[in-house]
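One letter stands for each residue in the lines below.
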Amino acid sequence: MDCQNFGPGVAPGRPGRVAEIVHLQQAHGRAALTAGERALLADWYEQACPAGKTAERGPAGERSAGEEDERAVIALLTRPFSREEIPEYYRYTSLHVYDWFLRPYQADPLPAGITALRATLLDLAAKEAEPPAALPSFGVPESTERRSRLAALIGELDELLAQTAARAVARGEAPWPGSPTPGLRRRLSVLTSCTGFPQSQEHHEHLFLRSVHACEVVFYLARWTACQAITAVLADDLDRAILHTRQTASCAELLNGILHVLRTLSPEQFMTFREATGAASAVQSLNYHLVELAVYGYDPRKAEVFLGIAHLHELNSRPYRDLWPLRSAVRAADAPELTAAFEAVERALLTWRGRHYGFGARYLPRQLKGSGGTEGAGYLKRIVDKDPCLPGPVGGPPPEAMFRFALR
């Protein structure tokens, strides 16, 4: 049984072990779990998703569908406590659940990814709607503004879903369901229920965690559309290259919307939970680095960062170092409409990088290093400019791995 390819699952919260696992992680925040509780969760992960041949399903009829579904959800819930070597960032973010959700839609992940992003933000909006009296550090003015910004961002996602549906109809294909089917609703329930576990009891950490989840989905979608555009340029399909480059720009704009919501968090509120996140730094994010590779090419200034983080080592080597990025593909095509579409990508990403640097400068005290071992805001400032990125040799299409959601 491949524990990264579970079926639709069951919504956590049903009686039994699933409910116990959820309660353990939610009661006081993951950071408060004892060594014994962590060991128990690791045991449950190994029982739900054993290694090697023992992971295969037994004879037909040995397990009911309900038992398999519960086993699958238990594995999703407990992977962050696995005894395997998993980077802290991936233990914190539970991105394996997003991979589980998106993997069936690899042929065209855009509508599924937008739907997953929408569900993530709706879950955050529900948290923000909780009564202020129950939340000691809850600020009414910033929460009102946060809900307003969330509603605007969710509205953008609705518009993007409508656009993808219209394109599907124009191609004579069945559009992504406007109203989720029961199976899709179950998958979305598992997605949000198995990823909403902050380290602390601070209400505001939910905003931070969900913002990270949202950015990861957008990084993936922007990378996928950028790689599709590169492939289209190589095939001399200008119309498809323009379409996918415009989609990359739309995804890049979503990053600015997410950061706009996150900026309702004050520096003081951020510092109340930052220590609890430990070494879970976004500099460890493969999706983040891969989208920049896809759009701009290899950045030699990141070589030291890649060397310092084990699962990023491969980004210093082929085929990633020699990737022919979208910027180079657009220049080679030399088509005004495609160039204009890419300029929209660059404007949106430049705005995001500038605001990301501004976030680091505002929220991290100058003497405080970034949680990934970088100099924090100083590192973000250095990589705002993308001119040093290598153009890459013209060659074949991006490697197949560039089209998949990335995690460790």
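Residues numbered from 1 in each chain as written. Predicted model: local features only at pLDDT ≥ 70, side-chain atom pairs only at ≥ 80, totals over all residues. Heavy atoms only, no water.

Asks: How should the overall build of the protein chain be read in this particular structure?
Replies: Per the secondary structure count, the protein chain includes 16 helices and zero strands. Every one of the 408 residues in the protein chain was classed for burial, and the buried ones make up 52%. For the protein chain, the share of sequence-separated contacts (at least 6 apart) that also reach a separation of at least 24 residues comes to 81%. Taken as a whole, the protein chain presents about 17700 Å² of accessible surface, with 54% of it coming from carbon and sulfur. (Helix = DSSP H or I, 4+ residues; strand = E, 2+ residues; numbered from the N terminus. Buried < 20%, exposed > 50% of the residue type's maximum accessible area, 1.4 Å probe, protein only. Contact = heavy atoms within 4.5 Å. Areas by Shrake-Rupley, 256 points an atom, 1.4 Å probe, with all protein chains shown as cover.)

Asks: Looking at this structure, I do not really get the nonpolar core. What am I missing?
Replies: Generally speaking, nonpolar side chains in soluble globular proteins are found buried as a group. Core analysis: the biggest nonpolar cluster contains 116 residues, and Leu77, Phe101, Leu117, Leu121, Leu290, Val295 and Leu315 have the highest contact counts within it. Take this core: its biggest share by element is 19 residues, from helix α9 (residues 204-234). Setting aside residues up to four positions removed in sequence, leucine 315 forms contacts with Leu286, His289, Leu290, Leu293, Tyr298, Phe306, Tyr320 and Arg321. (Core = buried A, V, L, I, M, F, W, Y, C linked by side-chain atoms within 4.5 Å.)

Asks: How do you make sense of helix α11 (residues 267-274) when you look at a structure like this?
Replies: Looking only at α11, the buried set comprises Pro267, Gln269, Phe270, Phe273 and Arg274. Buried residues of α11, viewed axially, fall in a sector of 160°; they line one side. (Arc of directions from axis to C-beta.)

Asks: What's the story with the pattern of salt bridges in this structure? I'm lost.
Replies: Note on pairing: side chains with opposite charge can pair once their charged atoms come close. If you walk through the whole model with that rule in mind, you get 19 salt bridges. Note that arginine 240 is salt-bridged to aspartate 237, the shortest N-O span being 3.4 Å. Residue arginine 240 is classed as partly exposed on the basis of its relative accessible area of 27%. Aspartate 237 gets classed as partly exposed once you look at its relative accessible area, which sits at 30%. (Salt bridge = Lys/Arg side-chain N within 4 Å of Asp/Glu carboxyl O.)

Asks: I would appreciate a short explanation of unusual backbone geometry in the present structure.
Replies: Across the junction of arginine 318 and proline 319, the peptide omega takes the value 0°, indicating a cis bond. One non-glycine residue, serine 94, adopts positive backbone phi at about 55°. Inspection of the secondary structure assignment puts serine 94 in the loop between α4 (88-93) and α5 (95-102). Despite not being glycine, aspartate 334 shows a phi value in the positive range, around 50°. By relative accessible area, which is 64% here, aspartate 334 ends up exposed.

Asks: In this structure, what is going on with the side chain of histidine 213? I would like to understand it.
Replies: You can see histidine 213 is positioned in helix α9. Judged by its relative accessible area of 0%, histidine 213 is buried. Polar side-chain contacts of histidine 213 include one of 2.7 Å to the backbone oxygen of threonine 93. At 3.1 Å, the side chain of histidine 213 forms a polar contact with the side chain of arginine 210. Each residue touching histidine 213, except ones within four places of it in the same chain, is listed here: Thr93, Leu95, Tyr98, Thr120 and Thr195. (Polar contact = N/O pair within 3.5 Å; in protein donor to acceptor, adjacent residues only side chain to side chain.)

Asks: Whenever I open this one, the packing of α5 against helix α8 (residues 182-193) confuses me. Can you help?
Replies: To characterise two packed helices, one gives the angle between the axes of the helices and the distance between these axes. Direction vectors running N to C along α5 and α8 enclose 165°, while the axes themselves pass 10 Å from each other. Of the possible angle classes, the one that applies to α5 and α8 is roughly antiparallel. Here α5 and α8 pass one another in a crossing that is left-handed. For the pair formed by α5 and α8, the contact residues are Val97, Tyr98, Trp100 and Phe101 on the first element and Leu184, Arg187, Leu188, Val190 and Leu191 on the second. Broken down by class, the residue content of the contact of α5 with α8 amounts to eight nonpolar, no polar and one charged. (Axes fitted to C-alpha atoms, helices over the stretch in contact; angles between N-to-C directions. Parallel < 35°, antiparallel > 145°, perpendicular 65-115°, else oblique. Left-handed = near helix turned anticlockwise from the far one by under 90°. Nonpolar A, V, L, I, M, F, W, Y, C, P; charged D, E, K, R; others polar.)

Asks: Help me understand the environment of tyrosine 90, please; the structure alone is not making it clear to me.
Replies: Along the chain, tyrosine 90 turns up in helix α4. With a relative accessible area of 1%, tyrosine 90 lands in the buried category. If we ignore the near neighbours within four places in the chain, the residues touching tyrosine 90 are Leu95, Gln284, Ser285, Leu286, His311, Ala406, Leu407 and Arg408. In terms of polar contacts, tyrosine 90 uses its side chain to reach the backbone carbonyl oxygen of glutamine 284, at 3.5 Å.

Asks: Hey, could you run me through the packing of aromatic side chains in this one?
Replies: Each aromatic ring pair is characterised by the separation of its centres together with the angle its planes make. By the definition in use, this model includes twelve aromatic pairs. An angle of 50° between the planes, with centres 5.8 Å apart, marks the rings of phenylalanine 219 and tyrosine 288 as tilted. Residue phenylalanine 219 is located in helix α9, and its partner tyrosine 288 is located in helix α12 (residues 286-296); the two are separated by 69 residues in the primary sequence. On the accessibility criterion, tyrosine 288 (8% relative accessible area) is buried. (Phe/Tyr/Trp six-rings, centres within 6.5 Å; stacked < 30°, edge-to-face > 60°.)

Asks: Sorry, what's going on with the side chain of arginine 91 here?
Replies: Along the chain, arginine 91 turns up in helix α4. Judged by relative accessible area, which is 16%, arginine 91 ranks as buried. Sequence-distant contacts of arginine 91, that is, excluding residues within four places in its chain, are made with Arg30, Arg79, Pro80, Phe81, Ser82, Glu84, Glu85 and Ile86.

Asks: For this particular structure, what's the right way to read the environment of threonine 144?
Replies: Considering the arrangement of structural elements, one finds threonine 144 in helix α7 (residues 140-170). Threonine 144 sits 120 residues away from threonine 264 along the chain, and the two C-alpha atoms are 9.6 Å apart.

Asks: Looking at this structure, how should I read the packing of α9 against α12?
Replies: Orientation of α9 relative to α12, taken along the N-to-C sense of each, is 25°, at an axis distance of 9 Å. Put simply, α9 runs roughly parallel to α12. In this structure, α9 meets α12 at a crossing whose hand is left-handed. Counting all contacts with α9, which are made through Glu216, Phe219, Tyr220, Ala222, Arg223, Ala226, Cys227 and Ile230, the residues of α12 involved are Asn287, Tyr288, Leu290, Val291, Ala294 and Val295. Partitioning the contact of α9 with α12 into residue classes produces eleven nonpolar, one polar and two charged.

Asks: Explain the environment of alanine 406 to me, please; I cannot follow it from the model alone.
Replies: Residue position: alanine 406 is located in the segment after α16 (377-382). Taking the C-alpha atoms as reference, alanine 406 lies 9.9 Å from phenylalanine 219; in sequence the two are 187 residues apart.

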